[in-house]
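# Topology and contacts: notes
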Amino acid sequence: MGSTHTFQQDPRNADIQININGELFHRDQAVISVFDSGFILGDGIWEGLRQHHGVIPFLNKHMKRLWEGAKALDLDLQISQDELRQRLYATLDANGMEDHVHIRLMVSRGIKATPYQDPAVTIGGPTIVIIPEYKNPDPTLNDRGVNLYTVYVRRGYADVQDPRINSHSKLNCIFGCIQAAKAGADEALMLDPHGHVATCNSTHFFIVRDGEVWTSSGDYCLDGITRRNVIDLCKANDIPVYEKNFSVMQAYGADEAFVTGTFAGLTPVFDIDGRTIGDGKRGPMVDRLQVLYKDMIAAECGRGRV
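Residues numbered from 1 in each chain as written. Predicted model: local features only at pLDDT ≥ 70, side-chain atom pairs only at ≥ 80, totals over all residues. Heavy atoms only, no water.

## Re the side chain of T127
Relative to the helices and strands, T127 is located in strand 8 (residues 127-134). We classify T127 as buried; its relative accessible area is 7%. Of note is the side chain of T127, whose polar atom sits 2.6 Å from the side chain of D36. (Helix = DSSP H or I, 4+ residues; strand = E, 2+ residues; numbered from the N terminus. Buried < 20%, exposed > 50% of the residue type's maximum accessible area, 1.4 Å probe, protein only. Polar contact = N/O pair within 3.5 Å; in protein donor to acceptor, adjacent residues only side chain to side chain.)

Right under this line is the structure:
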């Protein structure tokens, strides 16, 4: 069994340098305190980024989302967006990295004087960690597709834990991931409180019906960067696209289905809950959108480091 984030092992990752608060450490020496807010409580936010041809595509969108999440959590990042961009690229340059790199950018509230949830007991500034790794998505996924399993864990209301914040507190998604894995699936398909399709545990979900591309309303999922890029690509290329409520049964009857994410871009879905989607092969809409997305990344990289 694989997953939507299955990747090819790369021996170069054994010697990567990790950035912690502006200082580089070999991965074997890269540690944070047991009093860190992220470790104690999952109190923090994060972004997943890619490097293509020396450039981090869509970095401005990622920075905007990170700052919005920090504001929601009342977390003072104590660094400007330009400074954080420079730190990201400095980390990549220190590792001699240019392409096929996945970056996990993590920010916690910082060190606490004692293990307690109140932000008032935090001492010092936030902890900012940058982990770059050579990660190529498993190339076989595009032909064998992924299978999803609809789990009992729901994406909840914003007044419980807003699913649109990219927070370190991921137990909701982890429960879904575990149930799907126990069922032999690659990823969990998660519903909203009303029974409509919301998203997957670590990617966003789309279906294709009669030439139309559907994805969830977005009310119960993170507004993923790749998700939004695919929606924009559809609009720019006269492909009917809808953010709407739909059921799992409508997903079963789709002509095609796919998931999106920064790591692997667009990946076809061939099976949901044991139902074959379409003819069980990658379809023409996925093929078309994959080409458009690759062109979009190339254009973004052509702008250089911004």
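## Some words on the packing of aromatic side chains
If you walk through the whole model with that rule in mind, you get 4 aromatic pairs. Centroid distance F205 to F246: 6.4 Å. Interplanar angle 35 degrees. Geometry classified as tilted. Residue F205 is located in strand 13 (residues 204-209), and its partner F246 is located in the loop between strand 15 (241-243) and helix 8 (248-252); the two are separated by 41 residues in the primary sequence. Judged on exposure class, the residue F205 and its partner F246 are both buried. Here a set of aromatic residues connected by ring pairs shows up, and it is made of F205, W214 and F246. (Phe/Tyr/Trp six-rings, centres within 6.5 Å; stacked < 30°, edge-to-face > 60°.)

## Some thoughts on helix 6 (residues 171-182)
Counted at 1.5 Å a residue, the expected span for helix 6 with its 12 residues is 16 Å, and the 16 Å between its end C-alpha atoms agrees. What helix 6 keeps buried is the set C173, G176 and A180. Down the axis of helix 6, the smallest arc covering the buried residues is 60 degrees, so these residues share one side. Exposed residues pointing more than 90 degrees away from the buried face of helix 6 are listed as L171 and K182. Buried residues in helix 6 make contact with strand 10 (146-154) and strand 11 (187-191). Backbone geometry just downstream of helix 6 places G184 in the positive-phi region, at approximately 85 degrees. (Expected span 1.5 Å × (residues − 1). Arc of directions from axis to C-beta. Contact = heavy atoms within 4.5 Å.)

## A short note on the nonpolar core
Ranked by internal contacts, the top residues of the largest apolar core, which has 48 residues, are I56, L88, I103, L105, V213, F258 and L289. Per-element accounting of this core gives the leading share, 8 residues, to helix 9 (residues 284-302). Those residues in contact with L289 that lie beyond four places of it in its chain are V213, V230, C234, I239, F258 and L266. Formed by 19 residues, the second largest nonpolar core is a distinct cluster that contains V146, C200, W214 and A257. (Core = buried A, V, L, I, M, F, W, Y, C linked by side-chain atoms within 4.5 Å.)

## Here we look at the sheet that holds strand 5 (residues 101-108)
The 5 strands are arranged 3-2-8-5-4 in an open sheet whose pairing can be described as antiparallel. Single-partner strands in this sheet number two, and they are strand 3 (23-26) and strand 4 (44-51). Going across the sheet, the axis of each strand differs from the next one's by a mean of 20 degrees, ignoring polarity. Across the face of the sheet, helix 2 (residues 59-72) comes into contact with strand 4 and strand 5 while running at roughly 175 degrees to strand 4. Taken strand by strand, helix 3 (residues 81-94) contacts strand 2 (17-20), strand 3, strand 4, strand 5 and strand 8, and its axis lies near 40 degrees from that of strand 8. (Pairing = 2+ DSSP bridges. Axes fitted to C-alpha atoms, helices over the stretch in contact; angles between N-to-C directions.)

These results come straight from atomic positions and should not be treated as a statement about function.
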